[in-house]
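# Residue-level structural notes
What follows is each chain in one-letter form.
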Amino acid sequence: MSGPLLSARALALRFGPITALDGVGADLWPGEVLAVVGESGSGKTTLLNVLAGRLRPDAGHVWYREPDGHVADVHAMPPPVLRRLHRSDWGFVQQDPRAALRMDVSAGGNVGERLMAAGARHYGHIREEAARWLEEVEIDVARMDDRPGTFSGGMLQRLQIARTLVTRPCLVFMDEPTGGLDVSVQARLLDLIRTLVRRLGIAVVLVTHDLAVARLMAGRIMVMQRGRVVEDGLADQVLDDPRHPYTQLLVSSVLAA
Amino acid sequence: MKGYNFAYLDEQTKRMLRRALLKAVAIPGHQIPFGAREMPLPYGWGTGGIQVTACVIGRDDTLKVIDQGADDTTNAVSIRRFFAKTAGVATTTRTVDATVIQTRHRIPETPLTEAQIIVYQVPQPEPLYKLEPSRAETRRMHALAEYGAMHVKLYEQVARYGQIAISYDYPVMVNGRHLMAPSPIPAFDNPKMHRMKALQLFGAGREKRIYAVPPYTDVVSLDFEDYPFRAGRAPHACALCGDTASYLDEVVTDDRGGRMFVCSDTDHCATRRERVA
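Residues numbered from 1 in each chain as written. Chains lettered and ligands numbered in written order. Predicted model: local features only at pLDDT ≥ 70, side-chain atom pairs only at ≥ 80, totals over all residues. Heavy atoms only, no water.

A tally of helices and strands in chain B yields seven helices and twelve strands. Computed over C-alpha atoms, the radius of gyration of chain B comes to 19 Å, within 12% of the 19 Å expected from 2.2 N^0.38 for 277 residues, which places it in the range of a compact globule. Overall, chain B is about 60 × 55 × 35 Å in size when its C-alpha atoms are taken along their principal axes. Buried positions account for 53% of the 277 residues belonging to chain B. Restricting to contacts in chain B with at least 6 residues of sequence separation, those with at least 24 account for 60%. Accessible surface computed for chain B: about 12,600 Å², of which carbon and sulfur atoms make up 52%. Once the 35 positive and 31 negative side-chain charges of chain B are each reduced to a mean point, those two points are 6 Å apart. (Helix = DSSP H or I, 4+ residues; strand = E, 2+ residues; numbered from the N terminus. Rg over C-alpha atoms; globule rule 2.2 N^0.38 Å. Buried < 20%, exposed > 50% of the residue type's maximum accessible area, 1.4 Å probe, protein only. Contact = heavy atoms within 4.5 Å. Areas by Shrake-Rupley, 256 points an atom, 1.4 Å probe, with all protein chains shown as cover. Lys, Arg positive; Asp, Glu negative; His and termini not counted. Charge placed at Lys NZ, Arg CZ, Asp CG, Glu CD.)

Broken down by element type, chain A carries ten helices and ten strands. Taking 18 Å as the expected radius of gyration for a compact globule of 257 residues, we find that chain A reaches 18 Å, a close match to that expectation. Reported as C-alpha extents along the three principal axes, the dimensions of chain A are approximately 55 × 45 × 40 Å. Counting across all 257 residues of chain A, residues that qualify as buried make up 53%. Pairs at least 24 apart in sequence give 65% of the contacts found in chain A among residues at least 6 apart. As displayed, chain A offers around 11,400 Å² of accessible surface, 53% of which is attributable to carbon and sulfur atoms. Counting 29 positive and 30 negative side-chain charges, chain A places the averaged centre of each group 4 Å from the other.

Quick look at the interface of chain B and chain A now. Facing 20 residues of chain B, the contacting portion of chain A comprises 21 residues. Overall, the association of chain B and chain A removes approximately 1,800 Å² of surface from exposure, summing both partners, and the carbon and sulfur fraction of that is 56%. Taken together, the connections running from chain B to chain A amount to three salt bridges. Of the charged contacts, one joins Arg87(A) and Glu146(B) as a salt bridge, the two residues approaching to 2.7 Å between their closest N and O atoms. At the surface where chain B touches chain A, the tally comes to twelve residue pairs in polar contact (both at pLDDT 80 or more). For the side of chain B that touches chain A, the secondary-structure elements that each account for two or more residues are α4 (135–143) and α5 (148–161) of chain B. With nine residues, α5(B) is the largest single contributor of residues to the side of chain B that touches chain A. Across the side of chain B that touches chain A, the residue classes tally to ten nonpolar, two polar and eight charged. (Buried area = accessible area lost by both parts, 1.4 Å probe. Salt bridge = Lys/Arg side-chain N within 4 Å of Asp/Glu carboxyl O. Polar contact = N/O pair within 3.5 Å; in protein donor to acceptor, adjacent residues only side chain to side chain. Nonpolar A, V, L, I, M, F, W, Y, C, P; charged D, E, K, R; others polar.)

What follows deals with the domain arrangement of chain B. Residues and elements named next belong to chain B. Domain annotation for chain B reports domain 1 (11–221) and domain 2 (233–277). Spacing between the C-alpha centres of domain 1 and domain 2 amounts to 25 Å. At the junction of the two partners, domain 1 supplies 13 residues and domain 2 supplies twelve residues. In total, domain 1 and domain 2 occlude about 960 Å² of area from one another, counting both sides; carbon and sulfur atoms represent 45% of this. When the buried area of domain 1 at its contact with domain 2 is split by residue, Arg94, Glu109 and Phe188 rank highest and sum to 46% of it. Scanning the region where domain 1 abuts domain 2 turns up one salt bridge. Put simply, Glu274 and Arg94 hold a salt bridge, and the shortest N to O gap is 3.8 Å. For the pair domain 1 and domain 2, the interface holds seven residue pairs in polar contact (both at pLDDT 80 or more). When the residues that make up the side of domain 1 that touches domain 2 are grouped by side-chain class, the tally is four nonpolar, four polar and five charged. (Domains from an automatic or database assignment.)

A general tendency of soluble globular proteins is for nonpolar side chains to be buried together. Core analysis: the biggest nonpolar cluster contains 70 residues, and Val111(A), Leu159(A), Ile161(A), Ile221(A), Tyr155(B) and Phe224(B) have the highest contact counts within it. It is α5(B) that provides the largest number of residues to this core, a total of seven residues. Residues within four places of Ile221(A) in sequence aside, it is in contact with Leu34(A), Ala35(A), Val37(A), Ala214(A), Glu231(A), Asp232(A), Gly233(A), Ala235(A), Val238(A) and Leu239(A). Core analysis: the second largest hydrophobic core is formed by 33 residues, Ala7(B), Leu17(B), Ala24(B) and Ala87(B) among them. (Core = buried A, V, L, I, M, F, W, Y, C linked by side-chain atoms within 4.5 Å.)

Once that is clear, we can look at the sheet that holds strand β8 (residues 199–204) of chain B. Residue and element names in this part refer to chain B. Read across the sheet, seven strands follow the order β1-β9-β8-β5-β4-β2-β3 without closing on themselves; strand pairing throughout is mixed. Two strands bound the open sheet, and with one partner strand each, they are β1 (32–33) and β3 (90–91). Looking at chain direction, strand β4 (residues 100–104) and strand β5 (residues 117–121) are connected through four bridges and run parallel. Bridging across to β5, Val100 finds its partner in Ile117. In this fold helix α1 (residues 11–26) packs onto β1, β8 and β9 (209–213), with an angle of close to 45° to the strand it touches most, β9. (Pairing = 2+ DSSP bridges. Axes fitted to C-alpha atoms, helices over the stretch in contact; angles between N-to-C directions.)

Let us now look at the domain arrangement of chain A. Residue and element names in this part refer to chain A. Entries for chain A in the domain assignment read domain 1 (1–89 + 171–202 + 209–257) and domain 2 (98–168). The gap between the C-alpha centroids of domain 1 and domain 2 is 25 Å. Across the domain 1/domain 2 interface, buried area totals approximately 1,300 Å², and carbon plus sulfur atoms make up 63% of it. Run the count over domain 1 and domain 2 and you get seven residue pairs in polar contact (both at pLDDT 80 or more).

Residue and element names in this part refer to chain B. As for its placement among the helices and strands, Leu41 is situated in the loop between β1 and α2 (47–56). Leu41 sits 34 residues away from Asn75 along the chain, and the two C-alpha atoms are 9.6 Å apart. With near-sequence residues (within four places) excluded, Leu41 lies in contact with Gly46, Thr47, Ile50 and Ile79.

With that settled, the discussion passes to the sheet that holds strand β7 (residues 171–175) of chain A. All names here are of chain A. The six strands lie next to each other as β6-β7-β8-β3-β9-β10, forming an open sheet whose pairing is mixed. Strand pairing shows two members of the sheet lacking a second neighbour, β6 (90–93) and β10 (228–234), which therefore form its edges. Taken pair by pair, the neighbouring strands of this sheet meet at an average axis angle of 15°, ignoring direction. Summarising the sheet, strand β3 (residues 33–37) and strand β9 (residues 220–225) pair through four bridges and their orientation is parallel.

Residue and element names in this part refer to chain B. Considering all chains together, one arrives at 36 salt bridges over all chains under this definition. A salt bridge links Asp243 to Arg272; the shortest N-O distance between them is 3.9 Å. Separated by 29 residues along the polypeptide, Asp243 in the loop between β10 (219–221) and β11 (248–252) and Arg272 in helix α7 (residues 266–276) bring together distant segments of the chain. Take Arg272: its relative accessible area is 27%, and that puts it in the partly exposed class.

The structure is reproduced here in structure tokens:
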């Protein structure tokens, strides 16, 4: 029973006259980090949403291999099944943690929500697990009962990661997880995500416009331009020896510090 | 009353309400939308309850109306007088004599019977309303029985107050399936709803929703395994009848800190005092 965890073929999606996705295919293997890079408007986030089943493509398929080996068409799943998947085996990390977190609920409550949604009904256990995950993402457990509104941007993003990983998903979608953070916070967060992802063997689809983030995190990189995948390969290969003119342009336009 | 139909509402409206009620009884705890009418009563005073009462009451019924447990407050008196006038039905303040009881904020202390219907006035029928602002989304959550968010609220209570501190409108699970707002009755009354012999109907006029709990249906208050539901009451005896098990109101008697605790259910208190006398 082996094969890609997530696999997409011939995805196409248009928003009126705009082509957001045009014949996009991708394979994601268990435990692998795949970065989708490209300039803004190239269809990265659209691709992420289509892969996660949040957005229905005009054509093409996305298949997910369930833990029992059964392969399911993501867009043919009944909504309750897909929602359950999003609450348990999958995770979604958004660029803006404020949109994902419950801002009027304490940090512990935020982390515990997915556990309670999965049926946990023992307060003590939920709290222990939440405290453990706050430690994992380097948030002081003393801040557990504080509202996220009192947290810094970096802490909010780490809280979102704890909240997502608490059910031990096997697949996490990340949309610019380090966007909007200053460089030192970004580095620390990336380091944290990389450690957790490696240790837990989580497969990640990471959308970013930042090639440095892609190099640090990803094993494989997909370069997108105007809704098409123009280059696809091992991270080092794509970044050190770009073949497509657009990738060459992207790589050469990175500012060296 | 001349110029008005029996029990104020026209027959078509009552049919519409009864259809909604039948659906509500068929799916315990599920909110059914209905076309609430303008009533000669402000929103928040029981427009939902009064419409439900109007469509279930018959000429032979005896009506009791309570507000916060009392039969003698403005709201209770006006609604009772309204039906005495528009339907000509007998009214009572005695729980045991009533066949239809319309209530705001309480369930009578005397256990209800199969021959009785209790109608609750509901301000906010959606238990998830404070957690999820979108009604489309709460409907989806009900449809899929996704009630994890409600426990987040309970978690917050324990984290902040060391216990579940919801004192009224304490969320319940009906028939093991639907999350339901029991209307703003004290949590103390929640256990009375569980497997109650009487039919329980809920009307929310402003929000235009009806829901119901048929007799002998499971109604379980949400809680945690290690923080079980507890029905709280003031730790006193009633100053009038001495009851130590009924739900008490705190009444301020002067401006020097004087106060007394009395039964909130006036009929229960009066009956106990009669028995002693």
